[in-house]
Structures are given as structure tokens and as C-alpha cells.
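Close look at the chain arrangement
Now for the letters of each chain:
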Amino acid sequence: MVNAHSVGRDKDQRFYYYECARSRQRLGCSSKRISAPAFDEAVIKYFQRAAKDQKIIAAAIGSAILESKLKFEKTDAELNEQQKELNTLRFEADKLIQLALNNTITTGPTYKKKLAGIESEIEKREDEIQKLQIQKQVAHMNASSGNSFTQTLNWP
């Protein structure tokens, strides 16, 4: 989460909030914006309670690690599916090009339109794969850092 603000009708009035950094980068974050003052107060209260009970912190870290692992697995599965679809599209394009090279089909407007459509889909899949690879890497880093943190502190 990163901080941000907006200006109200009165130019001196500002509203502060947090939003997911990945949403700014268009990496697929579905988190909504949250009010900064309310969130800050909730975090302070949480750590005040957690400072009194180590189990609260351990449970929160464990939950975050599990969430990161699940996100990693989901992203990995989606990445594999996108890669399969990309391979299928590339095969279709190659097959179409081979038919044209062998003079089995003509390279008229229909051929060009079909090939352009496949190439457009290939480009979309490649962009999606790139985003998913970044998401997968982030989820892996989050899970790994959480595991390292709990091991360093020797917590359950």
C-alpha cells in the first residue's frame, strides 16, 4: 500500500488514503482505497494489542504467509494456462504461414485479417504472461520473507 491524497472542493482541504501500489502499475491488484487516518489508527491499536501478546503477531504473519503461498499457486496455475494458450496461438500462426508458403492458401485480405488477429492475441497473451510473472515473483518473495522472519524470531 502507498499513500496518496486528493483535494476537496476547498483547495486547502486534502483527503489522505492508501491504495495498492500494484494497482497504480496495473498489475492486477483488487484492493480498494482506504482512509489513511482510519487505517493508521487501526494499525496503531493492533500493534498496541500485539505488543502485549506475541501470538497475535505470529498468527498475522502466518496468515500473510499462507495468503502469499495461495496467491503464488493461483498465479502459477494461471501463468501455465496463459502459456498453453500462447503456444496454441503461435502454432496456429505458424500453421497459417506454412499454408501460405506452400501455396495451399492465398495470402489475400482474409488471410491477412486472420493472421493479424492471431498476432494481436499473441501480443495480449505475452503482456498478460509478463504481468503474471511479476505477480508470481512478488507472491514468492512475500512468502519467503515471511518464512525467514518467523524462523529468525524462532516463532511457531
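Scroll up for the structure.
Because the structure is a prediction, the values reported are computed rather than measured. Every chain is numbered independently, its residues counted from 1 as its sequence is written. Residues qualify for local features only when their pLDDT is at least 70, as the model is predicted, and side-chain atom pairs are given and counted only at 80 or more; totals for whole chains, interfaces and linings, by contrast, use all residues. Working from all heavy atoms in the structure, the side-chain values ignore hydrogens and water.

Description of the overall build of the protein chain
The helix and strand inventory of the protein chain stands at four helices and three strands. Each helix corresponds to a stretch of at least 4 residues labelled H or I by DSSP, and each strand to a stretch of at least 2 residues labelled E; elements are numbered beginning at the N terminus. The secondary structure elements of the protein chain, listed N-terminal to C-terminal, are β-β-α-β-α-α-α. Rg of the C-alpha trace for the protein chain: 24 Å, well past the compact-globule value of 15 Å for 156 residues, more than 25% over. The dimensions of the protein chain, computed from C-alpha atoms along their principal axes, are 80 × 50 × 15 Å. Only protein chains enter the accessibility calculation, which uses a 1.4 Å probe; a residue whose area is less than 20% of its type maximum is buried, one above 50% is exposed, and one in between is partly exposed. In the protein chain, buried positions account for 22% of the 156 residues. Here the globule rule reads 2.2 Å times residues to the power 0.38, and the radius of gyration is calculated from C-alpha atoms.

Regarding the sheet that holds strand 3 (residues 34-35)
Ordered by their spatial adjacency, three strands build an open sheet running 1-2-3, and the pairing between neighbours is antiparallel. Single-partner strands in this sheet number two, and they are strand 1 (2-7) and strand 3. Two strands make a pair as long as DSSP finds a minimum of two bridges between them. Two elements, strand 2 (residues 14-19) and strand 3, share two bridges in a ladder whose sense is antiparallel. Paired with Tyr 17 across the two strands is Ser 35, which belongs to strand 3.

Considering the nonpolar core
In a soluble, globular protein the nonpolar side chains are often hidden away together inside. The criterion is simple. A nonpolar core is a set of buried Ala, Val, Leu, Ile, Met, Phe, Trp, Tyr and Cys residues joined through side-chain atoms within 4.5 Å. Core analysis: the biggest nonpolar cluster contains 12 residues, these being Leu 79, Leu 86, Leu 89, Ala 93, Leu 96, Ala 100, Tyr 111, Leu 115, Ile 118, Ile 122, Ile 129 and Leu 132. The set of elements that each furnish at least two residues to this core consists of helix 3 (54-101) and helix 4 (109-153). Aside from chain neighbours lying at most four places away, what touches Leu 96 is Ile 105, Tyr 111, Lys 114, Leu 115 and Ile 118. It only takes one pair of heavy atoms within 4.5 Å for two residues to be counted as in contact.

Considerations on the layout of surface pockets
Think of a 1 Å grid over just the protein atoms. A cavity is a set of points where a 1.4 Å probe fits yet cannot get out, a pocket is an open set with protein on both sides within 12 Å along at least five of seven lines, and lining residues have an atom within 4 Å of a point. Grid points are joined across faces, edges and corners, and a volume is the space filled by probe spheres set on the points. In this model, the largest pocket occupies a volume close to 530 Å³. The element that contributes the greatest number of residues to the lining of the largest pocket is helix 3, accounting for seven residues. Among the residues forming the lining of the largest pocket, the class breakdown is nine nonpolar, seven polar and three charged. Looking at the second largest pocket, its volume works out to about 220 Å³. Together, Tyr 46, Phe 47, Ile 57, Ala 60 and Ile 61 line the second largest pocket. Broken down by secondary-structure element, the contributors of at least two residues to the lining of the second largest pocket are helix 2 (36-52) and helix 3. Per-element tally for the lining of the second largest pocket: the top contributor is helix 3, with three residues. Among the residues making up the lining of the second largest pocket, the classes are represented as five nonpolar, no polar and no charged. Residues are sorted three ways: Asp, Glu, Lys and Arg are charged, Ala, Val, Leu, Ile, Met, Phe, Trp, Tyr, Cys and Pro are nonpolar, and all the rest, Gly among them, are polar.

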